[in-house]
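Inside the fold
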Amino acid sequence: MKKPSYYYHNGFRMPMGFPIEGFTSALNYQAQPSDIFIVTYPKCGTTWTQYIVWLIQHNGEPLSASKKIEDDIPHLEEVGKEKIEILPQPRVIKTHFPYNLTPYHPQAKYIYIARNPFDCAVSFYHHTRGFIKHYNFAEGSFEDFFECFIKGEVDFGDYFDHLVPWYKHKDEHNVLFLTYENMKIEPKNAIIDIINFLGKAYKDRIKNEEILNKIIINSSLENMKKDQQRWSSKRPENMPPFIRKGQVGDWENYFSPEQQQRLIEKFMIRTAGTGLETLWNGIIIRS
Ligand code: A3P
């Protein structure tokens, strides 16, 4: 069985090439009252949400094709706190840190996006295959990756160790909890929720239909598929692009019945009594 390669930072798996200093310094970042954190487990809609927030801040005008979203909204544990501290405030910060490692300030805002673990696993598989320098897994199969995913032996740790603790905090005043699946059904509502959550400074965007429409259209899957270099470094020609399918339910094309059963069992065990049990009813358990 082939396994992706990782760097280990205090026992925590990270993509190869993410400097250990970045990770260590990120842990010491002092969150500011005006900070806006976009918090996700990998492949759950991070980039989409980054771009929505970016568009809200820029009246819906698109990011130029020559710029990268990470220039304005960097990944905390990749770049380290020094690169974050030089950003003008309010800072928008991407992180995949689990709850207990995420820098906290009671006035900072945390937008959390959850995606069902089945589609997350498939998306994470393509991600891990495609970023050869980070994982050396170009030849890996879905079966290989699934074994790592279900054991939680992937970068940023176990899916459920991320989701469950964050979900416990979902009703706090400074946390906005959204799901990828609901964002797909009602992108306009998700955008309005994010605007409302960001506070007074951006409220006028909701009343201005023209700006709101630009945010909706520019953050659509179709538009984000164009100029992919804005979201990530180039991937080899034989790998799917970073913005890949953007669908709910693609997992059915990958999972065997046995894999499905195993992940359902883990899901039931890890979410029992949390309120998460029914969050993806109809999506992950076929009737
Ligand atoms: P798929 O691989 O299933 O297509 P992240 O940004 O956290 O790495 O998540 C990547 C996933 O979000 C990919 O899923 C990608 O296609 C999807 N995605 C990115 N932009 C999107 C958009 N505007 N609408 C829907 N899905 C989007």
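Heads up: these notes are all about the structure in this document. (Residues numbered from 1 in each chain as written. Predicted model: local features only at pLDDT ≥ 70, side-chain atom pairs only at ≥ 80, totals over all residues. Heavy atoms only, no water.)

Here we look at the pattern of salt bridges
Note the following rule: The salt bridge criterion pairs a side-chain nitrogen of Lys or Arg with a carboxyl oxygen of Asp or Glu, the two atoms within 4 Å.
Using the criterion set out here, one finds 14 salt bridges in the structure. Ionic contacts of the salt-bridge type, sharing partners, join the residues Asp158, Asp161, Lys266 and Arg270 into one network.

Here's the deal with the site of the ligand
As a reminder of what qualifies: The rule for a residue being near a molecule or strand is that one of its heavy atoms must lie within 4 Å of it. Accessible surface area values rest on a Shrake-Rupley calculation with a 1.4 Å probe, where residue burial reflects the displayed protein chains alone. In DSSP terms, a helix is any run of H or I states spanning at least four residues, a strand is any run of E spanning at least two, and both are numbered starting from the N terminus. Ten residue types, Ala, Val, Leu, Ile, Met, Phe, Trp, Tyr, Cys and Pro, are classed as nonpolar, four, Asp, Glu, Lys and Arg, as charged, and the remainder, Gly among them, as polar.
In the vicinity of the ligand there are 19 residues, among which Thr46, Thr47, Ser123, Tyr180 and Gly246 approach most closely. Within the complex, 97% of the 570 Å² of free accessible area of the ligand lies under protein. Looking at the shell around the ligand, the elements that each hand over two or more residues are α2 (46-57), α10 (180-185) and α14 (221-225). The element best represented in the shell around the ligand is α2, accounting for three residues. Within the shell around the ligand, the residues separate by chemical class into seven nonpolar, seven polar and five charged.

Looking at helix α9 (residues 159-168)
Defined as follows: Burial classes follow relative accessibility: with a 1.4 Å probe on protein chains only, a residue under 20% of its type's maximum area counts as buried, one over 50% as exposed, and anything between as partly exposed. Working rule for contacts: check all heavy atoms of both residues, and any pair within 4.5 Å makes them a contact.
Burial of α9 is extensive: seven of the 10 residues sit out of reach of the surface. Each element contacted by the buried residues of α9 is listed here: β3 (36-40), β5 (109-114), α6 (117-130), α8 (142-151), β6 (175-179) and α15 (257-271).

Section: the packing of aromatic side chains
Two descriptors summarise a pair of aromatic rings, namely the distance from one centre to the other and the angle between the planes of the rings. Worth spelling out the cut-off: We call Phe, Tyr and Trp rings a pair once their centres come within 6.5 Å, taking the six-membered ring for Trp, and we label the pair stacked below 30 degrees between planes, edge-to-face above 60, and tilted otherwise. The rule for a charge over a ring is simple: NZ of Lys or CZ of Arg within 6 Å of the ring centre, and within 35 degrees of the ring normal.
In total, this model carries 35 aromatic pairs according to the counting rule given. Judged by centre distance (5.9 Å) and plane angle (80 degrees), the rings of Tyr6 and Tyr135 are edge-to-face. On the criterion of sequence distance, the pair formed by Tyr6 in the segment before β1 (7-9) and Tyr135 in helix α7 (residues 132-135) is long-range, its members being 129 residues apart. With respect to class, Tyr6 is no different from Tyr135; both count as buried. Measuring from ring centre to ring centre gives 6.5 Å for Tyr41 and Phe149, while their planes differ by 70 degrees; the resulting arrangement is edge-to-face. Of this pair, Tyr41 sits in the loop between β3 and α2 while Phe149 sits in helix α8; the two residues are 108 residues apart in sequence, bridging distant segments of the chain. For the pair Tyr41 and Phe149, one class covers both residues: buried. Cation over ring: Arg115 sits above Tyr180, and NZ or CZ is 4.0 Å from the ring centre. A cation over a ring is seen here: Arg235 above Phe131, with NZ or CZ 4.8 Å from the ring centre.

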